[in-house]
Structure formats: structure tokens, C-alpha cells
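What follows is the residue order along each chain.
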Amino acid sequence: MKANVGGIDRVIRLIAGIALIAFGAVGGLAAPWNYVAMGVGVVFALTAVIRFCPLYPLLGINTCGGK
């Protein structure tokens, strides 16, 4: 796995992931949507930590600075 998530993208994903996990955990949405929000938050946070997004190669996106 080659890194394809750059610095700013990484920070945005991590902040959004933590926010979605917290929002789902406090019950800000109806019952099934809490779990969806937390799941999406976990995926965002995980892709920020490992610096790889499996969708980016399929879409031809690379936010890392280098080649």
C-alpha cells in the first residue's frame, strides 16, 4: 500500500472522524444512524492514520505531495 492521503487531507479526515464518532456516541441521531456515523468516523480516522484510502486509486486521486 502506497500512501495516497496527504497532510491537509489527513488532518481533515482525522477531525471529521473524531467528530462523527463523538456525534454518534452521544446519540445525536436516530438509533440506526448513530452506528452509521460512528462507522464512517472510524473509517475516516483509520484512513488518516494509515495514510491510505482504498477509493483514491479507483478514482485516480492522490493528495500526497510526491509521486
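Residues numbered from 1 in each chain as written. Predicted model: local features only at pLDDT ≥ 70, side-chain atom pairs only at ≥ 80, totals over all residues. Heavy atoms only, no water.

A. How the structure looks around the packing of helix α1 (residues 7–25) against helix α2 (residues 31–50). With their axes 7 Å apart at the nearest point, α1 and α2 run at an angle of 155° to one another. In terms of orientation, α1 and α2 fall into the roughly antiparallel class. Relative to α2, α1 is oriented so that their crossing is left-handed. Here R10, R13, L14, A16, G17, L20, I21, G24 and A25 of α1 lie close against α2, whose contacting residues are N34, A37, M38, V40, G41, V42, F44, A45, T47, A48 and V49. (Axes fitted to C-alpha atoms, helices over the stretch in contact; angles between N-to-C directions. Helix = DSSP H or I, 4+ residues; strand = E, 2+ residues; numbered from the N terminus. Parallel < 35°, antiparallel > 145°, perpendicular 65-115°, else oblique. Left-handed = near helix turned anticlockwise from the far one by under 90°. Contact = heavy atoms within 4.5 Å.)

B. The arrangement of the pattern of salt bridges in detail. As enumerated under the stated definition, the model contains 1 salt bridge in all. Between R13 and D9 there is a salt bridge whose closest N-O contact spans 3.2 Å. Of this pair, R13 and D9 are both found in helix α1, 4 residues apart, which corresponds to roughly one turn of the helix. We classify D9 as buried; its relative accessible area is 14%. (Salt bridge = Lys/Arg side-chain N within 4 Å of Asp/Glu carboxyl O. Buried < 20%, exposed > 50% of the residue type's maximum accessible area, 1.4 Å probe, protein only.)

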